[in-house]
Amino acid sequence: MTAQPNPIINQEFLFALLRAAAPSGYERRAADVWKKEAATFARVSEDHYGNVYAELGPEDAPALALLGHLDEIGLMVSHVGDEGFLSVLAVGGWDPQVLVGQRVRLLAPDGDILGVVGKKAIHVMEPEERKNASRIEDLWIDVGLSKEEAQARIPVGTYGVIEQGPLMVGDKIVSRALDNRVGAFVVLEALRLLQGTELKHRVVAVGTSQEEIGSYGAQVGSHRLQPVAGVAVDVTHETGQPGVSEKKYGVVPFGSGANLAVGPMTSPVILRQMIAAAQASGIPYTLSANPRLTHTDADTMILSRSGVPSAVVSIPNRYMHSPNEMVDVRDVKACIDLIAAWVRELEVGADFTR
């Protein structure tokens, strides 16, 4: 049975984003989906580094930047062995245990090639081997080709992603790449909500590149836009799942709304503004402590040029960096609504002094 579109959010657009294979440094496919949707209601552009931009409001007004990264973790082919098996390196942060037995889509120059992640079967392992965790250097990708065929069709440097599409499980969305395709979705949907509003700022949603390997796209995009303030949207750890500490990550269960980062990197002024906007509009939210970096695009935006006052808004996510991440549509909608509410209320010339 095909899942029916969820009326709370634009599921068709989000699922199209999630189906696109777009590892760090190869965001083109997701960027094209995002840009096509943005062009239906906003001014669009892109840069050489893989960032895509959509904007509303007066072109000569001070800019607000809404960042959500398009890239996902992936794999890169590093070697073709004698039997045609492919060695790979991680693009971003993998737990190799979740790779075992997965299907992989390789983004080869002449067309995508499917393969499977191989590992020695338990039956032929020595007793000591069975106790060891898998390492990515001990895994391989089997594409069913000879060495000669594989070398001809899959050059070193070919990217790959897990072959796992999105689906609805109740009111939860399950897919690879929710980190952070859902954040790129949120910033564009927040911009869409601002249509018809007499905007005081030039509001720019950005689908950024290469967050998973260092937030480099955010650095390029923030330098280009010179925003007076910004918001990075990403995912955070949902704390209703086993083994995730509320003492460390806060109380962030599914259905709790938008999660706001509190810490030295983020702007306490914007945090107060967002809390006020959430309370005024009845939007659920939670707080999480980030005593050092936020590990999001905000960390580079904050330090762009002479500094950009910034906030981090996050969607609770289970099973991060796996083939089956999970988010709740209610939390996604809360993030969209909160960002739009904050933009509407923000006055030109607002003082962000701490």
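Residues numbered from 1 in each chain as written. Predicted model: local features only at pLDDT ≥ 70, side-chain atom pairs only at ≥ 80, totals over all residues. Heavy atoms only, no water.

A. Spotlight on the overall build of the chain. Per the secondary structure count, the chain includes nine helices and 17 strands. In terms of overall dimensions, the chain is globule-like: its C-alpha atoms have a radius of gyration of 21 Å, near the 20 Å expected for 354 residues. Referenced to the eigenvectors of the C-alpha coordinate spread, the extents of the chain come out at roughly 65 × 45 × 40 Å. Residue pairs in contact within the chain that sit at least 24 positions apart in sequence constitute 76% of those at least 6 positions apart. Of the roughly 15,600 Å² that the chain leaves accessible, carbon and sulfur atoms contribute 52%. Both charge centroids of the chain, one from 32 positive and one from 43 negative side chains, sit 2 Å from each other. (Helix = DSSP H or I, 4+ residues; strand = E, 2+ residues; numbered from the N terminus. Rg over C-alpha atoms; globule rule 2.2 N^0.38 Å. Contact = heavy atoms within 4.5 Å. Areas by Shrake-Rupley, 256 points an atom, 1.4 Å probe, with all protein chains shown as cover. Lys, Arg positive; Asp, Glu negative; His and termini not counted. Charge placed at Lys NZ, Arg CZ, Asp CG, Glu CD.)

B. Looking closely at the sheet that holds strand β15 (residues 285-289). The mixed open sheet is built from eight strands, whose spatial order is β1-β2-β12-β3-β13-β16-β14-β15. Two strands close off the open sheet at either side, each with one partner strand: β1 (43-46) and β15. Direction aside, the axes of adjacent strands within the sheet are offset by 25 degrees on average. (Pairing = 2+ DSSP bridges. Axes fitted to C-alpha atoms, helices over the stretch in contact; angles between N-to-C directions.)

C. Looking closely at the packing of helix α1 (residues 11-19) against helix α2 (residues 28-38). For the pair α1 and α2, the least separation of the axes is 8 Å and the interaxial angle reads 160 degrees. In terms of orientation, α1 and α2 fall into the roughly antiparallel class. The two elements α1 and α2 cross, and the hand of that crossing is right-handed. In this structure, α1 uses Phe 13, Ala 16 and Leu 17 to contact α2, whose residues at the interface are Ala 30, Val 33, Trp 34 and Glu 37. Among the residues making up the contact of α1 with α2, the classes are represented as six nonpolar, no polar and one charged. (Parallel < 35°, antiparallel > 145°, perpendicular 65-115°, else oblique. Left-handed = near helix turned anticlockwise from the far one by under 90°. Nonpolar A, V, L, I, M, F, W, Y, C, P; charged D, E, K, R; others polar.)

D. Structural detail: the packing of aromatic side chains. Considering all chains together, one arrives at three aromatic pairs under this definition. When the ring of Phe 13 is compared with that of Phe 185, the centres are 5.5 Å apart and the planes differ by 45 degrees; the resulting orientation is tilted. Placement of the pair is Phe 13 in helix α1 and Phe 185 in helix α4 (residues 178-193), with a sequence separation of 172 residues. Residue class for Phe 185 comes out buried when judged on its relative accessible area of 0%. Relative to Trp 140, the ring of Phe 85 lies with its centre 6.0 Å away and its plane at 40 degrees, an arrangement referred to as tilted. Of this pair, Phe 85 sits in the loop between β4 (74-80) and β5 (86-91) while Trp 140 sits in strand β8 (residues 140-142), placing them 55 residues apart in sequence. Over the ring of Tyr 53 we find Arg 224; its NZ or CZ atom is 4.2 Å from the centre of that ring. (Phe/Tyr/Trp six-rings, centres within 6.5 Å; stacked < 30°, edge-to-face > 60°. Buried < 20%, exposed > 50% of the residue type's maximum accessible area, 1.4 Å probe, protein only. Lys NZ or Arg CZ within 6 Å of the ring centre and 35° of its normal.)

E. Up close: the packing of α1 against α4. Where α1 meets α4, the axes come as close as 10 Å, and the angle between the chain directions of the two elements is 145 degrees. Crossing handedness for the pair α1 and α4: right-handed. Contacts from Phe 13, Leu 14, Leu 17 and Leu 18 in α1 reach Leu 178, Arg 181, Val 182, Phe 185, Leu 188, Glu 189 and Arg 192 in α4. Residues that form the contact of α1 with α4 fall into these classes: eight nonpolar, no polar and three charged.

F. Structural detail: the environment of Thr 197. Within the element layout of this structure, Thr 197 appears in the loop between α4 and β12 (202-208). Using a relative accessible area of 29% as the deciding quantity, one classes Thr 197 as partly exposed. Along the chain, Thr 197 and Ser 314 lie 117 residues apart, while their C-alpha atoms are 24 Å from each other.

G. Expanded view of the side chain of Glu 211. With respect to the helices and strands, Glu 211 occurs in the loop between β12 and α5 (216-225). Buried charge without a partner: Glu 211 forms no salt bridge, and the closest opposite charge is Arg 181, 11 Å away. Side chain to side chain, Glu 211 and His 69 meet in a polar contact 3.0 Å long. Those residues in contact with Glu 211 that lie beyond four places of it in its chain are His 69, Asp 71, Asp 234, His 295, Thr 296 and Asp 297. (Salt bridge = Lys/Arg side-chain N within 4 Å of Asp/Glu carboxyl O. Polar contact = N/O pair within 3.5 Å; in protein donor to acceptor, adjacent residues only side chain to side chain.)

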